[in-house]
Amino acid sequence: MADKKMADKKMADKKMADKKVSDEKMCQQHLQKTPCDAGLMRVAIAGIERFVGLVILLLWGAVLPQAQADADAKMTASLETERAYYADIALKIWDYAELGYQETRSSQLLQETLAAEGFEVQAGVAEIPTAFVASFGQGEPVIGILAEFDALPGISQAAVPTRSILADKTAGHACGHHLFGAGSTAAAIAVKRWLAETGQPGTIRLYGTPAEEGGSGKVYLVRAGLFDDVDTVLHWHGADRNAANPGTTLANKSARVRFYGRSAHAAAAPERGRSALDGVEAMNHMVNLMREHVPDSTRIHYVITSGGKAPNVVPDFAEVYYYVRHPQARELATIWDRVMNTAHAAALGTGTEVKIETMHGNHSILPNETLARVMHQSLSAVGGYTMTASERAFAQVLSQSFNNQPNLLGLEEKVQPFIFTESKGSTDVGDVSWIVPTVGLSTATWVPGTAAHSWQAIAAGGMSIGIQGMMVAAKTLALTAQNLFLTPSHLEAATVEFEQRRGSDFVYEALLGDRAPPLDYRQ
């Protein structure tokens, strides 16, 4: 019985094999007889596959922009709902008006705000009590956002459109750093929430950077290696218009030059005196002669900070505070040496002694067009803002103080065209930009036509016009960071451009040397 079953199975297998061979022969014969039909069939199948692929690509291409638009809208909407919260933070810092390296309350407020949102805050970095780093997330990429919060000395103003000095204040936020700090914090928190909600890998890091105004706070953070693992850095600044353009600034170095002489009665025994003020004046005279013989793009300015107390006493101490600027750090170094040589010559000629303390030094900003285009796209998506009726009335009154300058009201509603810019100012952001690809923007936190470091800047920055511009910046920073997290190719291209612009032989060297942070430079 078993043998019969085995024989039947073999017979069935043979029939199946014979049928398979027969089918293959028939197929080959058919193909040989109708090669055109077979070719057409293959073409048709390939065409269908390509069509299906194209449809999928088009559908996905439609979904991606919409998904990105939805994510952008959600990000900006979340920031808008907290406008009042961040406005309160900014205006508290405006009221504190703390000078460089003395921004205790301003720094603490931002640190507490970030810590409450789950950031890990490291305070007192780079041997600076008011500097801090706040981080959230894990892994790469690491995107940093800069925050400033120092005020300027010697200028104060109420938040009104006419000149009104505050008697109880000797400093003011004439460069809008209260908005800088609060706006950057708002952006960092918005990005943190998005990272946590989506599970997107990467780290967002906010750098609390004090003493930008003449203290070079960021340089000490760079020197401490706090940016070494960062993929890109974002920053912004208040202005009278909205722009996100690639550009550069002037490299800058400063020093306090102190002359020491010998006091005497200016009338009874002038021959016994050696005037420290003569040393200052001799130096200034030689520097003013030098202006004719330096490159046109050089900027030299000074202020005499001490020159004696009474005319009938030969002053035994005098001090002059110098700034020297040039687009290129190497050229600046040459001009700087010439300026400092006049100090030694002045001391020799007046019989005094001189001591020079370098106070700060900033590299020019290294532009990055790749990142600037990403940020410009984000700013264009956010757009400018429309003033309320009360804001426009404020702006119209304030504009009357601009000494017949053209009426620029309306610039706050626009985004400036994408062009390369060259600023005559300087910033310690420059040093960061030579270490890591960096990009920034400016927004209309002031009435259009306002100059930086003016009472008009303090006035607008202390009311809702400043907040309007700050929120434009916060949204733009957040969208730019989100875009960079989602599109690694942008970061890769930015790094290639960064390395090309910097050059293979570049070695970073702080212009201020190895000095410690001048924590008392505003005292």
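Further up the page is the structure itself.
Residues numbered from 1 in each chain as written. Predicted model: local features only at pLDDT ≥ 70, side-chain atom pairs only at ≥ 80, totals over all residues. Heavy atoms only, no water.

Peer 1: Describe the sheet that holds strand E9 (residues 251-260), naming the residues involved and giving the relevant values.
Peer 2: Spatially, the 4 strands line up as an open sheet ordered E10-E11-E9-E12, and their pairing is antiparallel. In the strand order of this sheet, the two ends are held by strand E10 (299-306) and strand E12 (353-362), each with one partner. Across the sheet, the mean angle from the axis of one strand to that of its neighbour is 20°, orientation sign disregarded. By the bridge criterion, 10 bridges tie E9 to strand E11 (residues 317-326) in an arrangement that is antiparallel. Looking across to E11, one finds that phenylalanine 259 is bridged to alanine 318. Helix H8 (residues 276-290) contacts E9, E10 and E11 of the sheet and is inclined by roughly 20° relative to E11. (Pairing = 2+ DSSP bridges. Helix = DSSP H or I, 4+ residues; strand = E, 2+ residues; numbered from the N terminus. Axes fitted to C-alpha atoms, helices over the stretch in contact; angles between N-to-C directions. Contact = heavy atoms within 4.5 Å.)

Peer 1: Describe the side chain of threonine 438, listing the residues and the values that go with them.
Peer 2: Note that threonine 438 resides in strand E14 (residues 438-444). Given a relative accessible area of 5%, threonine 438 falls into the buried group. Polar side-chain contacts of threonine 438 include one of 2.7 Å to the backbone oxygen of valine 436. With residues near it in sequence (within four places) discarded, threonine 438 still touches Val233, His235, Leu366, Asn368, Leu371, Val429, Val432 and Ser433. (Buried < 20%, exposed > 50% of the residue type's maximum accessible area, 1.4 Å probe, protein only. Polar contact = N/O pair within 3.5 Å; in protein donor to acceptor, adjacent residues only side chain to side chain.)

Peer 1: Describe unusual backbone geometry, listing the residues and the values that go with them.
Peer 2: Here glutamate 140 and proline 141 are connected by a cis peptide whose omega angle stands at 0°. If you trace the backbone, proline 141 turns up in the loop between strand E2 (132-138) and strand E3 (142-147). A positive phi is found at asparagine 404, a non-glycine position, where the angle reads about 65°. The topology assignment puts asparagine 404 in the loop between helix H11 (389-399) and strand E13 (421-422). A relative accessible area of 81% means that asparagine 404 is categorised as exposed.

Peer 1: Any details on the side chain of asparagine 284? Residues and values, ideally.
Peer 2: Within the secondary structure, asparagine 284 sits in helix H8. A distance of 2.7 Å separates polar atoms of two side chains, one belonging to asparagine 284 and the other to tyrosine 322. When residues no more than four places from it in sequence are discounted, the contact partners of asparagine 284 are Tyr302, Ile304, Val320 and Tyr322.

Peer 1: Describe H8, with residues and values.
Peer 2: Between its terminal C-alpha atoms H8 stretches 21 Å, which fits the 21 Å expected from 15 residues at 1.5 Å a residue. Next to the buried residues of H8 lie E9, E10, E11 and helix H9 (329-350). For H8, the side-chain oxygen to backbone nitrogen distance between the N-cap and leucine 277 is 3.2 Å, and the N-cap itself is serine 275. (Expected span 1.5 Å × (residues − 1).)

Peer 1: Tell me about the layout of surface pockets, and name the residues and values.
Peer 2: Here the second largest pocket defines a volume of roughly 700 Å³. Together, 30 residues line the second largest pocket, and Gln328, Ala329, Arg330, His363 and Trp434 are the ones closest to its centre. Ranked by the residues each element gives to the lining of the second largest pocket, the list is headed by H9, at 5 residues. Of the residues assigned to the lining of the second largest pocket, the class counts are 16 nonpolar, 7 polar and 7 charged. (1 Å grid on protein atoms, 1.4 Å probe; cavity = no way out; pocket = protein on both sides within 12 Å on 5 of 7 lines; lining within 4 Å. Points joined across faces, edges and corners; volume = space filled by probe spheres on them. Nonpolar A, V, L, I, M, F, W, Y, C, P; charged D, E, K, R; others polar.)

Peer 1: Before we move on, can you summarise the environment of aspartate 316 with the specific residues and values?
Peer 2: Mapped onto the fold, aspartate 316 is located in the loop between E10 and E11. Placed 36 residues apart in sequence, aspartate 316 and threonine 352 show a C-alpha to C-alpha distance of 8.8 Å. Once you skip the residues sitting within four places of it in the chain, aspartate 316 turns out to touch Phe259, Tyr260, Gly261, Arg262, Ser263 and Ala276.

Peer 1: Before we move on, could you go through the packing of aromatic side chains and cite the residues and values that matter?
Peer 2: The tally for this structure, following the rule as stated, stands at 11 aromatic pairs. Ring centres of tyrosine 321 and tyrosine 323 lie 5.8 Å apart, and the angle between their planes is 75°; on these two criteria the pair is classed as edge-to-face. Over the face of the ring belonging to tyrosine 321 we find arginine 256, whose NZ or CZ atom lies 4.1 Å from the ring centre. When the ring centre of tyrosine 260 is taken as origin, the NZ or CZ atom of lysine 355, which lies over that ring, is 5.5 Å away. (Phe/Tyr/Trp six-rings, centres within 6.5 Å; stacked < 30°, edge-to-face > 60°. Lys NZ or Arg CZ within 6 Å of the ring centre and 35° of its normal.)

Peer 1: Got a sec to walk through the packing of helix H3 (residues 83-96) against helix H14 (residues 464-486)? Specific residues and values, please.
Peer 2: With their axes 11 Å apart at the nearest point, H3 and H14 run at an angle of 115° to one another. The orientation of H3 with respect to H14, classified from their angle, is roughly perpendicular. Note on packing geometry: the crossing formed by H3 with H14 is right-handed. Counted together, Arg83, Tyr86, Ala87, Ala90 and Leu91 of H3 and Ile467, Gln468, Met470, Met471 and Lys475 of H14 form the full contact between these two elements. Of the residues contributing to the contact of H3 with H14, the split by class is 7 nonpolar, 1 polar and 2 charged. (Parallel < 35°, antiparallel > 145°, perpendicular 65-115°, else oblique. Left-handed = near helix turned anticlockwise from the far one by under 90°.)

Peer 1: Give me empty space enclosed by the protein: which residues, what numbers.
Peer 2: What the rule picks out here adds up to 2 cavities of 30 Å³ or more. Its boundaries defined by the atoms lining it, the largest cavity holds a volume of some 40 Å³. Along its surface, the largest cavity is lined by Trp94, Ser156, Gln157, Leu166, Lys169, Ala171, Gly172, His173 and Ile458. Within the lining of the largest cavity, the residues separate by chemical class into 4 nonpolar, 4 polar and 1 charged. In this structure, the second largest cavity occupies an estimated 40 Å³ of space. What lines the second largest cavity is simply Ser78, Leu79, Glu82, Tyr86, Ala186, Ile189, Ala190 and Arg193. When the residues that make up the lining of the second largest cavity are grouped by side-chain class, the tally is 5 nonpolar, 1 polar and 2 charged.

Peer 1: A description of the pattern of salt bridges should follow, citing residues and the corresponding values.
Peer 2: This model, assessed by the stated rule, comprises 21 salt bridges. Taking the shortest distance from any N to any O, the salt bridge between glutamate 319 and arginine 256 comes out at 2.9 Å. Of this pair, glutamate 319 sits in strand E11 while arginine 256 sits in strand E9, and the two are 63 residues apart along the sequence. Taking relative accessible area as the criterion, glutamate 319 reaches 8% and is therefore assigned buried. For arginine 256, a relative accessible area of 13% corresponds to the buried category. Beyond isolated ion pairs, a larger network of salt bridges with shared partners links Arg256, Arg258, Glu319, Glu357 and Arg515. (Salt bridge = Lys/Arg side-chain N within 4 Å of Asp/Glu carboxyl O.)

Peer 1: Outline the sheet that holds strand E1 (residues 120-123), supporting the account with residue identities and numerical values.
Peer 2: Adjacent strands of a sheet pair through backbone hydrogen bonds, lying either parallel or antiparallel. Spatially, E1-E2-E6-E3-E7-E14 is the arrangement adopted by the 6 strands of the open sheet, whose pairing is mixed. Of all strands in the sheet, those bounded by a partner on one side alone are E1 and E14. Mean inter-strand twist for the sheet, computed between neighbouring axes without regard to direction, equals 20°. The pairing of strand E7 (residues 232-239) with E14 spans 7 bridges and is classified as parallel. Across the sheet, histidine 235 pairs through a bridge with glycine 440, a residue of E14. Those strands touched by helix H10 (residues 369-382) are E7 and E14, and its axis lies near 30° from that of E14.

Keep in mind these numbers describe shape, not what the thing actually does.
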